[in-house]
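# Analysis of the macromolecular model
Chain by chain, the residues:
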Amino acid sequence: MGKVVTVTSGKGGVGKTTSSAAISTGLAMRGHKTVVIDFDVGLRNLDLIMGVERRVVFDFINVINGDANLNQALIKDKRVENLYIFPTSQTRDKDALRKEGVERVMDELRDNFDFIVCDSPAGIEHGALTALYHADAAIVVTNPEVSSVRDSDRILGMLSSRSRRAERNEAPVDEFLLLTRYSADRVAKGEMLSIEDVQEILSIPLMGIIPESESVLKASNTGQPVILDKDSIAGRAYDDAVARFLGETREMRFIKAEKKGLFRSLFGKA
């Protein structure tokens, strides 16, 4: 029976789709048969981030409505064995995520995959609540900003009361914190919340810290999950995060401000 992992946030623009792409790729790289689903009906960005936009024929809504079967809609990744992409519709709205249809598709995915990673829309609208409902584990993505952290706290409240596990009186959803766009320099200047500040507010296990990096934007623009960029600090940080999610112990890297040498200090080199 596969495990449903919902990647969620209270606020948009925190790097949720980037994280869904990286996490699902990382799980597949470790030998786990993994599918990543786009729950953001009407917008659909996951296929772009994964570089498969030209290969979309059928989508999540087609399968829910019975217009196509699961095998017709799933796109096998050409770079990573065991990884599949399940795009959604750009022409429908969130109401197309009918509860019975989504449940049927999710149960079929659980029977065929080790991990089902759900790229949830931000906030608490229908698509987001549908993705949260099915979660066995939730990765809450937040930036070190007050508004982002506050909205993430609200998502945690939803998880404890609106999930299928809560409805069935089962064990609670496993919760993990992923802190993205972190800059140790800005924290030192008092321009961002510290890691300790965020942890104190949300009080859930810290899965990883993803530093601010230009490689994230580059990866998104080229349709390649950033975790595949082994030269990128963000890619390596995502690799560490996936390892921790799977129970490995890894040191938290890239969390201290870089010390500048004399040359860098004199000439302002970053």
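Residues numbered from 1 in each chain as written. Predicted model: local features only at pLDDT ≥ 70, side-chain atom pairs only at ≥ 80, totals over all residues. Heavy atoms only, no water.

## Some thoughts on empty space enclosed by the protein
One simple way to see leftover space: roll a probe sized like a water molecule over the atoms. Just so we agree on the cut-off: Using only the protein atoms, space was sampled on a 1 Å grid; points where a 1.4 Å probe fits but cannot get out form cavities, open sets with protein on both sides within 12 Å along at least five of seven lines form pockets, and lining residues are those with an atom within 4 Å of a point. Grid points are joined across faces, edges and corners, and a volume is the space filled by probe spheres set on the points. Strands are runs of DSSP state E lasting at least 2 residues, helices are runs of H or I lasting at least 4, and numbering of each runs from the N terminus. The residue classification treats Ala, Val, Leu, Ile, Met, Phe, Trp, Tyr, Cys and Pro as nonpolar and Asp, Glu, Lys and Arg as charged. All others, Gly included, are polar.
Here the structure, examined in full by the defined rule, presents one cavity of 30 Å³ or more. Roughly 30 Å³ of volume is contained in the largest cavity. Looking at the largest cavity, the residues that line it are T18, A21, A22, I49, A219, S220, Q224, P225 and V226. Of all the elements in the fold, those that place two or more residues in the lining of the largest cavity are α1 (16-29) and α11 (214-222). No other element matches α1, which puts three residues into the lining of the largest cavity. Looking at side-chain class alone, the lining of the largest cavity contains six nonpolar, three polar and no charged residues.

## Here's the deal with the nonpolar core
The criterion, for reference: Working definition of a nonpolar core: buried Ala, Val, Leu, Ile, Met, Phe, Trp, Tyr and Cys residues. They are joined through side-chain atoms within 4.5 Å. Only protein chains enter the calculation, and the probe is 1.4 Å; a residue is then buried if its accessible area is under 20% of its type maximum, exposed if over 50%, and partly exposed in between.
Of all hydrophobic cores here, the largest spans 36 residues; its most connected members are I23, I139, L178 and F245. No other element matches helix α12 (residues 233-245), which puts six residues into this core.

## Quick word on the pattern of salt bridges
Oppositely charged side chains may form a pair once their charged atoms are brought near each other. The condition is simple: Definition used for salt bridges: Asp or Glu carboxyl oxygen within 4 Å of a side-chain nitrogen of Lys or Arg.
A complete count under the given rule lists 19 salt bridges for this structure. Two residues, E145 and K11, come together in a salt bridge whose shortest N-O distance is 3.9 Å. With a gap of 134 residues between them, E145 in the loop between β6 (137-142) and α7 (146-162) and K11 in the loop between β1 (3-8) and α1 connect regions that are remote in the sequence. Residue R186 is joined to E191 by a salt bridge in which the shortest nitrogen-to-oxygen separation is 3.3 Å. When its relative accessible area of 48% is taken as the criterion, E191 is described as partly exposed.

## Some details on the confidence of the model for the protein
Heads up, the rule is: The pLDDT score gives, residue by residue, the confidence of the prediction method on a 0 to 100 scale.
Looking at the protein, pLDDT values average 91 and 95% of them are 70 or higher. Confidence, read as mean pLDDT per element, is least for helix α13 (residues 262-267) in the protein (51) and greatest for strand β4 (residues 83-86) (98).

## Remarks on α7
Threshold: Under the convention used throughout, the expected extent of a helix is 1.5 Å for every residue step, that is, one less than its residue count. Directions are taken from the helix axis to each C-beta atom, and the arc is the one they span. Note on contacts: a residue pair qualifies if any of its non-hydrogen atoms lie within 4.5 Å across the two residues.
If you check α7, its first and last C-alpha atoms are 24 Å apart, about what 17 residues at 1.5 Å a residue would give, namely 24 Å. Buried residues of α7: S148, V149, S152, I155, L156, M158 and L159, and no others. Summarising the axial view, the buried residues of α7 lie within an arc of 160°, below the 170-degree limit, and thus occupy one face. Summarising the geometry of α7, the exposed residues directed more than 90 degrees from the buried face are V146, R150, R154 and S160. Those residues of α7 that are buried are in contact with β1, α6 (126-133), β6, β7 (174-182) and α10 (195-202).

## Let's talk about the pairing of strand β2 (residues 34-38)
Test applied: When DSSP finds at least two bridges between two strands, those strands are taken to pair.
Of all the five residues making up β2, five are buried; the element is thus mostly covered by neighbouring parts of the structure. As paired elements, β2 and β4 share four bridges and run parallel to each other. Paired with I37 across the strands is F86, a residue of β4. Pairing of β2 with strand β5 (residues 115-119), which is carried by five bridges, proceeds in the parallel orientation. Along β5, the bridge assignment pairs I37 with C118.

## A closer look at the pairing of strand β8 (residues 206-211)
Counted residue by residue, β8 has six buried out of six residues, so it is predominantly covered. Relative to β8, β7 runs parallel, the two sharing four bridges. Considered in β8, the bridge of L177 is made with L206.

## Thoughts on the packing of α7 against α10
The condition is simple: Axis angles are defined between N-to-C directions and span 0 to 180 degrees, where every axis is a line fitted to C-alpha atoms and, for a helix, only to the segment in contact. These descriptions rest on fixed angle ranges, namely under 35 degrees for roughly parallel, over 145 for roughly antiparallel, 65 to 115 for roughly perpendicular, and the rest for oblique. Helix crossings fall into two classes, left-handed where the near helix is turned counterclockwise from the far one by less than a right angle and right-handed where it is turned clockwise.
Viewed as axis vectors pointing N to C, α7 and α10 meet at an angle of 30°, and their least axial separation amounts to 10 Å. Considering their axes alone, α7 and α10 lie roughly parallel with respect to each other. Of the two possible hands of crossing, α7 and α10 adopt the one that is right-handed. On α10, the residues touching V149, S152, D153 and L156 of α7 are V198, I201 and L202. Here the contact of α7 with α10 is composed, by residue class, of five nonpolar, one polar and one charged.

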